[in-house]
Amino acid sequence: MHYDIVIVGGGAGGLELAAQLGRKLGRRKGAERILLIDRTVFHIWKPTLHEVAAGTLDTHQEGLSYPILARRNHFSFTLGELAALDPAARTLTLAPMADEQGRELAPERTIAFTHLVLAIGGGANLFGTPGAETAHLLENTADAERFHHRLLTAFTRASFAPERALAIAIVGGGATGVELSAELIEAHAEFLDGLAKDQRFRLDITILEAAERILGALPEKISAQAQTALERKGVTVLTGARVQAVEEGRLVTSKGDIPAALIVWAAGVKAADTNPAFGLETNRLNQFVVNDRLETSAPGVWAMGDCAAAPWTEGRTIPARAQAAHQQADYLASVLTARLAERRHEPAFQYRDFGSLVSLGESRGVGSLMGGLGGPNFFIEGLIAKWIYMSLHLAHHRAILGTGKTIVLALARLLQERVSGRLKLH
Ligand SMILES: Cc1cc2nc3c(=O)[nH]c(=O)nc-3n(C[C@H](O)[C@H](O)[C@H](O)COP(=O)(O)OP(=O)(O)OC[C@H]3O[C@@H](n4cnc5c(N)ncnc54)[C@H](O)[C@@H]3O)c2cc1C
């Protein structure tokens, strides 16, 4: 099987790219020339995984099926996991896949391409910490759903336990850890609402951050605001705390042992350990090293999003953020459209940092919006910050569903929440 453009990974970046290219080429040509491959059958925008974990977002309502997205946006889709790549022969191999009973679901396949885009994302960095692999991760929907299931069990157990308390430790005070703790507090409040009086229990959340402040990538003012807001909600924030080991029911840290029934690892960013085997140059975080045109060490093979180390400013690489993946999708859509027309239109990719917003629960957010590198910088907080934060999610839906369907979906979800409540308790 051969496609002119093969995109591996239908996440924040890869799916937007496939949708843009398919729509540009139109119904017949798009499906013939563009193939998207993902190892799952439905798409969830990764920045919402902490909401799935807390149960404030339901994957069955939120998930969008790839075959339907492919039909609507005029590209082809196949389920598969990238297992091997031969950049010189311009072929890739997809691993065989099995169902839950171990029966073959999809065979091993080889796909030939003219142009390949790797958009397979990344995960957390365990920094070689003993036992860290036993903590909950938030790398994909399955991780988030597993955590949600354990959370509901832990909530129920705590509501009958003599001490009426549940301790959760979150390793990593970046946006993921901060946002998860805020969602967990709301989930807990909603769980208690309506629960028999004698079953109400306390939720003790501790965030551990090795650096001297949480949200280290954001301005100090935002870190301080977020820390105060979390502490007001009862979260313990331990900065300068190095986690030395994860053990059953506790964290061993440079600031002493932290007991916890549930431990989430939300620190660092690292791409898949299998990436260096693909015959492309990679860095120590297993990201594919790309040039300022997002091309890897093999011509005709591009990488974008969290799996790519793209040059930025002052020797740094572009941060692993949804806004970077989104901008890279726009860029590669125009580069690859030109390539398909046998034209070359390849100015260097310019990343524009629009700032970052962090959600602190249903009605509050903090963050900074930037006018660009060196441009004016606005601090923003409260409901407006939260609204802008939510609008980024809608912008992603708009890129893959169009404006009309995004409005209908947003309204449907609002109504559903009004009827069934915000928290998924089953
Ligand atoms: C809880 C959380 C909150 C976040 N909040 C924010 C935020 O507020 N703002 C922000 O800018 N960023 C945020 N991020 C980061 C953001 O989600 C990522 O930067 C972004 O999703 C990267 O997009 P991507 O396309 O590179 O990868 P992803 O969105 O991770 O997509 C990768 C895709 O590749 C598929 N895949 C992986 N390996 C293979 C394989 N071998 N074969 C086939 N398919 C494969 C996966 O199934 C997935 O669909 C958050 C991340 C998390 C975890």
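Our subject in this report is the structure included herewith. (Residues numbered from 1 in each chain as written. Predicted model: local features only at pLDDT ≥ 70, side-chain atom pairs only at ≥ 80, totals over all residues. Heavy atoms only, no water.)

## Points about the site of the ligand
Surveying the vicinity of the ligand reveals 29 residues, the closest of which are Gly 13, Asp 38, Leu 82, Asp 306 and Ala 322. The contact in question runs from an oxygen atom of the ligand to an N or O atom on the side chain of Asp 38, over 2.6 Å. Between the ligand and Ala 322, the relevant distance is 2.8 Å, taken from an oxygen atom to a main-chain nitrogen or oxygen of the residue. Across the complex, the protein chains shield 87% of the 1000 Å² of accessible surface that the ligand would expose by itself. Listed by contribution, the elements that provide at least two residues to the shell around the ligand are β6 (81-86), α7 (175-192) and α9 (322-340). Here the element with the most residues in the shell around the ligand is α9; it accounts for three residues. Of the residues that make up the shell around the ligand, three or more belong to each of domain 1 (2-123 + 269-340) and domain 2 (132-265). (Near = heavy atom within 4 Å. Polar contact = N/O pair within 3.5 Å; in protein donor to acceptor, adjacent residues only side chain to side chain. Areas by Shrake-Rupley, 256 points an atom, 1.4 Å probe, with all protein chains shown as cover. Helix = DSSP H or I, 4+ residues; strand = E, 2+ residues; numbered from the N terminus. Domains from an automatic or database assignment.)

## Digging into helix α5 (residues 66-73)
Turning to α5, its buried residues number three or more, namely Tyr 66, Leu 69, Ala 70 and Asn 73. Seen along its axis, α5 keeps its buried residues to an arc of 105°; they face one direction. Where α5 is buried, its residues meet α1 (14-25), β2 (34-38), β3 (42-43), β4 (64-65), β5 (76-79) and α10 (382-401). Following α5 by one or two positions, His 74 has its phi on the positive side, about 60°. (Buried < 20%, exposed > 50% of the residue type's maximum accessible area, 1.4 Å probe, protein only. Arc of directions from axis to C-beta. Contact = heavy atoms within 4.5 Å.)

## As for the side chain of Thr 239
Along the chain, Thr 239 turns up in strand β13 (residues 236-239). The exposure class assigned to Thr 239 is buried, which follows from its relative accessible area of 17%. For Thr 239, the contacting residues outside a window of four places in its chain are Glu 209, Ala 211, Glu 212, Arg 213, Ile 214, Gln 227 and Lys 255.

## Let's talk about the sheet that holds strand β12 (residues 202-209)
Across a sheet, paired strands are connected by hydrogen bonds in the backbone, their directions being either parallel or antiparallel. Strand order across the open sheet formed by four strands is β13-β12-β11-β17, with parallel pairing between neighbours. Either end of the sheet is taken by a strand with one partner, and the two such strands are β13 and β17 (262-265). Direction aside, the axes of adjacent strands within the sheet are offset by 15° on average. Strand direction decides the pairing type here: strand β11 (residues 165-171) and β17, joined by four bridges, are parallel. Counted as the bridge partner of Ile 170 is Val 264 from β17. Most of the contacts of α7 go to β12, to which it runs at about 180°, and overall it touches β11, β12 and β17. (Pairing = 2+ DSSP bridges. Axes fitted to C-alpha atoms, helices over the stretch in contact; angles between N-to-C directions.)

## Considering empty space enclosed by the protein
Under the criterion given, the structure shown has two cavities of 30 Å³ or more. Taken as a whole, the largest cavity holds about 50 Å³ of empty space. Contributing to the lining of the largest cavity are Gln 287, Gly 305, Asp 306, Ala 308, Ala 310, Ile 318, Pro 319, Ala 320, Ala 324 and Gln 328. Looking at the lining of the largest cavity residue by residue, the classes come out as six nonpolar, three polar and one charged. (1 Å grid on protein atoms, 1.4 Å probe; cavity = no way out; pocket = protein on both sides within 12 Å on 5 of 7 lines; lining within 4 Å. Points joined across faces, edges and corners; volume = space filled by probe spheres on them. Nonpolar A, V, L, I, M, F, W, Y, C, P; charged D, E, K, R; others polar.)

## Observations concerning the pattern of salt bridges
Taken as a whole and assessed by the stated rule, the structure comprises twelve salt bridges. Taking the shortest distance from any N to any O, the salt bridge between Asp 204 and Arg 202 comes out at 2.9 Å. For Arg 202, a relative accessible area of 49% corresponds to the partly exposed category. Between Asp 292 and Arg 293 there is a salt bridge, with the nearest N and O atoms lying 2.7 Å from each other. Overall, Asp 292 belongs to the partly exposed group, its relative accessible area being 34%. Through salt bridges with shared partners, a single ionic network connects Glu 247, Arg 250 and Asp 257. (Salt bridge = Lys/Arg side-chain N within 4 Å of Asp/Glu carboxyl O.)

## Some details on the nonpolar core
Core analysis: the biggest nonpolar cluster contains 56 residues, and Val 6, Ile 7, Leu 17, Leu 92, Leu 116, Leu 118 and Leu 332 have the highest contact counts within it. Ranked by residue count, the leading element in this core is α9, at eight residues. Dropping the residues within four chain positions of it, Leu 116 is found in contact with Val 6, Val 8, Leu 85, Leu 92, Gly 300, Val 301 and Trp 302. With 42 residues, the next largest nonpolar core counts Ile 170, Ile 214, Ile 222 and Leu 262 among its residues. (Core = buried A, V, L, I, M, F, W, Y, C linked by side-chain atoms within 4.5 Å.)

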